[in-house]
Amino acid sequence: MKISHREGRQGFTLIELLVVIAIIAILIGLLLPAVQKVREAAARAKCTNNLKQIGLAFHNYNSTYGKFPPGANSNGGMWSAWLTPYLEQTALWNAIDVQDESIDNGDWASPAPGWSNASITAPGRGPGTGGGSGDSTQRNVAACETLVPGFRCPSANLPEHVNGPSYENWIVQKRVPTSYAVCGSGVKTQLYSGSDANQLDGAFQMVNPTSYTTGNYLTVANMTDGLSNTIFVGEENYTIQATITALDVEGQGRRKAVWQFGSDSIDCNYGYNEALGSTGVPMNSPVVTATSGAALEAYIVSFGSMHTGGANFLLGDGSVRFIAQSISATTYSYLGTRAGGEVIGNY
């Protein structure tokens with residue numbers, strides 16, 4: 001008897017395989033934007049929480065001392081340095097030197113080539129131990145190299161560390177770029193020299209009782225526009241290379257950068273934008289690649305973010321608002337001043 005056998009199929013045809021691949025590609029195309037939206041929502045929420053914690057730290061500092069910290073001071077210390085004890089960074093606070101330079105001067109960078117492995121526990125403290133390559137300076141540099149996640153927005157496209165020279169080519173080899181700057185003004189279009197930083201109209205000033213500025217530690221009473229109508233901190237949007245070959249070197253090679261804890265350029269009466277921003281220029285100002293000029297200075301002090309359509313801002317009452325980039329220039333400027341007496345409507 002002759003027995004017939006049915007031949008079994010041996011896999012997909014080419015057409016069927018192409019159809020399956022096309023369907024998978026379409027599904028990925030549909031899912032990817034949703035995944036990206038979820039990731040951005042999570043990053044924006046983390047950024048909001050960072051700012052809320054910074055707001056609590058400001059108010060805890062104010063409860064302790066009856067005033068808010070300065071935006072920066074004459075030794076180059078930045079606002080974030082004063083907040084470290086209130087952000088679970090007490091070890092950093094115990095290490096760094098934020099004394100005014102008339103008392104002591106722990107610099108925030110050291111002469112080139114800088115330390116390859118700066119120690120946060122360098123032993124010296126007090127007058128004579130800072131400046132140049134002193135132990136107080138080494139601890140300050142080590143703090144600048146310590147990544148504190150709460151000062152960085154997850155959406156920001158920033159490297160963890162950069163080799164960054166400052167004014168006169170002093171160096172922090174592994175400096176940490178950050179995402180947030182305090183608001184120094186609602187009208188300024190640059191914050192570069194001492195005259196630019198003198199008596200700022202925002203919530204934070206440059207404090208130096210001995211030379212080029214006369215700013216003060218400000219209090220709640222100074223915020224006559226109301227804490228809920230005054231920006232304290234905003235995001236800043238910029239890109240930065242892992243190695244910077246020129247940054248504030250004798251006033252040349254200007255770049256947008258925001259740092260944590262301290263700045264040698266501020267110590268040298270330059271580069272206040274490394275700690276402070278201004279709502280006197282539009283949010284997310286266009287990137288300027290020139291190394292000097294008014295357009296560059298405006299870009300350098302602008303707030304902004306990688307979030308779609310605007311940026312997160314901490315107001316003086318501790319609330320965090322996402323302010324749309326489409327906000328009117330007038331209202332945005334008003335939010336940057338502390339005592340302008342302006343009427344601010346909905347935004």
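See the structure shown above.
Calculation criteria
- Residues numbered from 1 in each chain as written.
- Predicted model: local features only at pLDDT ≥ 70, side-chain atom pairs only at ≥ 80, totals over all residues.
- Heavy atoms only, no water.
- Helix = DSSP H or I, 4+ residues; strand = E, 2+ residues; numbered from the N terminus.
- Buried < 20%, exposed > 50% of the residue type's maximum accessible area, 1.4 Å probe, protein only.
- Pairing = 2+ DSSP bridges.
- Core = buried A, V, L, I, M, F, W, Y, C linked by side-chain atoms within 4.5 Å.
- Contact = heavy atoms within 4.5 Å.
- Phe/Tyr/Trp six-rings, centres within 6.5 Å; stacked < 30°, edge-to-face > 60°.
- Lys NZ or Arg CZ within 6 Å of the ring centre and 35° of its normal.
- 1 Å grid on protein atoms, 1.4 Å probe; cavity = no way out; pocket = protein on both sides within 12 Å on 5 of 7 lines; lining within 4 Å.
- Points joined across faces, edges and corners; volume = space filled by probe spheres on them.
- Nonpolar A, V, L, I, M, F, W, Y, C, P; charged D, E, K, R; others polar.
- Salt bridge = Lys/Arg side-chain N within 4 Å of Asp/Glu carboxyl O.
- Axes fitted to C-alpha atoms, helices over the stretch in contact; angles between N-to-C directions.

**Concerning the environment of G134**
Piece 1. The residue G134 is located in the loop between β2 (110-111) and α4 (135-144) in this model.
Piece 2. For G134, a relative accessible area of 17% puts it in the buried group.
Piece 3. C-alpha of G134 to C-alpha of S110: the two residues are 24 residues apart in sequence and 8.7 Å apart in space.

**Some thoughts on the sheet that holds strand β4 (residues 170-175)**
Piece 1. Sheet architecture is open: three strands sit in the order β2-β4-β3, paired in antiparallel fashion. A single partner strand is all that each edge strand has here, and the edge strands are β2 and β3 (162-165).
Piece 2. Note: β2 against β4, two bridges, orientation antiparallel. Bridge assignment links S110 to a residue of β4, and that residue is I171.

**Describing the nonpolar core**
Piece 1. Of all hydrophobic cores here, the largest spans 76 residues; its most connected members are I54, F58, W79, F232 and V233.
Piece 2. Ranked by residues supplied to this core, first place goes to helix α1 (residues 14-65) with six residues.
Piece 3. Not counting residues within four places of it along the chain, the set of residues in contact with F58 comprises F68, P69, W79, L83, V182, F204, F232, V233 and L314.

**Re the packing of aromatic side chains**
Piece 1. Taken as a whole, this structure holds 12 aromatic pairs when the rule is applied.
Piece 2. Here the aromatic rings of F58 and W79 are separated by 5.9 Å at their centres, their planes lie at 25 degrees, and the arrangement is stacked. Separated by 21 residues along the polypeptide, F58 in helix α1 and W79 in helix α2 (residues 79-83) bring together distant segments of the chain. Considered together, F58 and W79 belong to a single accessibility category, that of buried residues.
Piece 3. Between Y61 and Y65 the ring centres are 4.6 Å apart and the planes differ by 40 degrees, which places this aromatic pair in the tilted class. You can see Y61 and its partner Y65 sitting in helix α1, four residues apart, about one turn around the helix.
Piece 4. Classification of Y61 as buried rests on a relative accessible area of 5%.
Piece 5. Members of the aromatic cluster, each reached through a chain of ring pairs, are F58, F68, W79, F151, F204, F232 and F261.
Piece 6. The ring centre of F322 lies 3.7 Å from the NZ or CZ of R44, which sits over that ring.
Piece 7. Sitting over the face of the ring of Y217, K67 holds its NZ or CZ atom 4.1 Å from the ring centroid.

**Concerning unusual backbone geometry**
Piece 1. A cis amide bond links A112 with the next residue in sequence, P113, at an omega value of 10 degrees.
Piece 2. Residue placement: P113 occurs in the loop between β2 and α4.
Piece 3. A positive phi angle, near 60 degrees, is found at E88, a position not held by glycine.
Piece 4. Positive phi is not limited to glycine here, since N269 has a value of about 70 degrees.
Piece 5. Mapped onto the elements of the fold, N269 is located in the loop between α5 (264-267) and β8 (276-278).

**Here's the deal with empty space enclosed by the protein**
Piece 1. Under the definition given, this model contains one cavity of 30 Å³ or more.
Piece 2. Along its surface, the largest cavity is lined by C153, A156, N157, L158, S179, E235, E236, N237, Y238, S305 and M306.
Piece 3. A per-class count over the lining of the largest cavity returns five nonpolar, four polar and two charged.

**Re the pairing of strand β5 (residues 180-185)**
Piece 1. Among the six residues that make up β5, six are buried, leaving the element largely enclosed by the rest of the structure.
Piece 2. When β5 meets strand β7 (residues 231-235), the two strands line up antiparallel, connected through three bridges. Looking at the pairing, V182 lines up with V233 of β7.
Piece 3. Two elements, β5 and β8, share three bridges in a ladder whose sense is parallel. Among the inter-strand pairings, S185 is bridged to a residue of β8, identified as S278.

**Quick word on the environment of N49**
Piece 1. Relative to the assigned elements, N49 resides in helix α1.
Piece 2. Looking at N49, the relative accessible area reads 35%, which means it is partly exposed.

**A short note on the pattern of salt bridges**
Piece 1. Counting across every chain of the model gives three salt bridges.
Piece 2. In this structure, the salt-bridge partner of R175 is E274, at a minimum N-O distance of 4.0 Å. Placement of R175 in strand β4 and of E274 in the loop between α5 and β8 is noted, with a sequence separation of 99 residues between them. Both residues of the pair, R175 and E274, count as buried.
Piece 3. Of the charged contacts, one joins E297 and R254 as a salt bridge, the two residues approaching to 2.7 Å between their closest N and O atoms. Placement of the pair is E297 in helix α6 (residues 294-300) and R254 in the loop between β7 and α5, with a sequence separation of 43 residues.

**Some details on helix α7 (residues 329-336)**
Piece 1. If you check which residues of α7 are buried, you get T331, Y332, S333, L335 and G336.
Piece 2. Residues of α7 that are buried sit in contact with β5, β7, β9 (310-315) and β10 (320-324).

**Observations concerning the sheet that holds β7**
Piece 1. Here we have five strands laid out as an open sheet, ordered β8-β5-β7-β9-β10, and mixed in their pairing. Edge positions in the sheet fall to β8 and β10, since each has one partner strand and no second. Each adjacent strand pair in this sheet contributes to an overall mean axis angle of 40 degrees, direction not counted.

Interpretation note: all reported values are geometric properties and have no functional meaning in isolation.
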